[in-house]
Amino acid sequence: MKNIIIYASMTGHSKKIAQAISEKLGIEAFNIKDNPKIEGYDMGIFVSGIYSGECKPELIEFAKKLTPANIKSALLVTSSMKEMTPEKLKEALTANQIEVMKDEYTCKGGFLVMGISHPNKQEIDEAVDFVRNHLYQTV
């Protein structure tokens, strides 16, 4: 199975999660700012923070240009202060016939609050395990 990680990060949290998944699972990760060329992937793992209720607009616009020739299915990993889902990203992908997996992982986002930084090691490990388990189940 050929997989790719695509991330958008404003504060560095999503980058940290994407890089951990990349390093531990051997999946290449690309920052959306680099305008990665995507062709022939089975699974796209999209990692983004949620800002004002949605993923970064650049990631949504990028997703609108994708087709099943680029990515057949998508798995979403997000970080947010609240339990929120990236609806516009899902809509952009499904509108182009890219299957979005039902399960998604959301960990806490946000800045250092009360001495606790998010995402912390446990949350990053959980994100890696979520992706690993999902990829194993879909093989």
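Above this text you will find the structure in question.
Residues numbered from 1 in each chain as written. Predicted model: local features only at pLDDT ≥ 70, side-chain atom pairs only at ≥ 80, totals over all residues. Heavy atoms only, no water.

Colleague: Explain the pattern of salt bridges to me, using residue names and the numbers behind them.
Modeller: Two side chains carrying opposite charge are able to pair once their charged atoms lie near each other. A complete count under the given rule lists eight salt bridges for this structure. The partner of Lys-56 in a salt bridge is Glu-58, and the shortest N-O contact between them spans 3.3 Å. For Lys-56, a relative accessible area of 11% corresponds to the buried category. You can call Glu-58 partly exposed: its relative accessible area is 40%. (Salt bridge = Lys/Arg side-chain N within 4 Å of Asp/Glu carboxyl O. Buried < 20%, exposed > 50% of the residue type's maximum accessible area, 1.4 Å probe, protein only.)

Colleague: Outline helix 1 (residues 13-25), listing residues and values.
Modeller: The first and last C-alpha atoms of helix 1 sit 18 Å apart over 13 residues, in line with the 18 Å expected at 1.5 Å per residue. Taken together, the buried positions of helix 1 are occupied by His-13, Ser-14, Ile-17, Ala-18, Ala-20, Ile-21 and Ser-22. Phi turns positive, to about 65°, at Gly-26, one or two residues after helix 1. (Helix = DSSP H or I, 4+ residues; strand = E, 2+ residues; numbered from the N terminus. Expected span 1.5 Å × (residues − 1).)

Colleague: Give me helix 3 (residues 87-95): which residues, what numbers.
Modeller: Within helix 3 the residues assigned to the buried category are Leu-89, Lys-90, Ala-92 and Leu-93. Take helix 3 and look down its axis: the buried residues cluster within an arc of 165°, on one side only. Relative to its buried face, helix 3 has exposed residues pointing more than 90 degrees away, namely Lys-88, Glu-91 and Ala-95. Of the residues trailing helix 3, Gln-97 is marked for its positive phi of about 60°. (Arc of directions from axis to C-beta.)

Colleague: Residue-level account of the nonpolar core, with values.
Modeller: In this structure, Ile-6, Phe-46, Ile-71, Leu-89 and Leu-93 are the most contacted members of the largest nonpolar core, which totals 22 residues. When residues of this core are traced back to their parent elements, those giving at least two are strand 1 (3-8), strand 3 (41-49), helix 2 (57-64), strand 4 (71-80) and helix 3. Those residues in contact with Leu-89, other than ones at most four positions away along the chain, are Phe-46, Glu-54, Cys-55, Leu-59, Ile-60, Ala-63 and Leu-76. Counting 21 residues, the second-largest nonpolar core is a separate cluster that includes Ile-17, Ala-20, Ile-27 and Ile-45. (Core = buried A, V, L, I, M, F, W, Y, C linked by side-chain atoms within 4.5 Å. Contact = heavy atoms within 4.5 Å.)

Colleague: Tell me about unusual backbone geometry, and name the residues and values.
Modeller: Of note, Asn-35 is a non-glycine position whose phi angle comes to about 45°, a positive value. Positionally, Asn-35 belongs in the loop between strand 2 (29-31) and strand 3. The backbone phi angle of Gln-97 is positive, close to 60°, even though this residue is not glycine. Overall, Gln-97 belongs to the exposed group, its relative accessible area being 61%.

Colleague: Explain the packing of helix 2 against helix 3 to me, and be specific about the residues and the numbers.
Modeller: Their axes nearest at 8 Å, the elements helix 2 and helix 3 cross at an angle of 15°. Overall, the two elements helix 2 and helix 3 adopt an arrangement that is roughly parallel. As helix 2 packs across helix 3, the resulting crossing turns out to be right-handed. Seen from helix 2, the contacting residues are Leu-59, Ile-60, Ala-63 and Lys-64; seen from helix 3, they are Lys-88, Leu-89, Ala-92 and Leu-93. Counted by class, the contact of helix 2 with helix 3 contains six nonpolar, no polar and two charged residues. (Axes fitted to C-alpha atoms, helices over the stretch in contact; angles between N-to-C directions. Parallel < 35°, antiparallel > 145°, perpendicular 65-115°, else oblique. Left-handed = near helix turned anticlockwise from the far one by under 90°. Nonpolar A, V, L, I, M, F, W, Y, C, P; charged D, E, K, R; others polar.)

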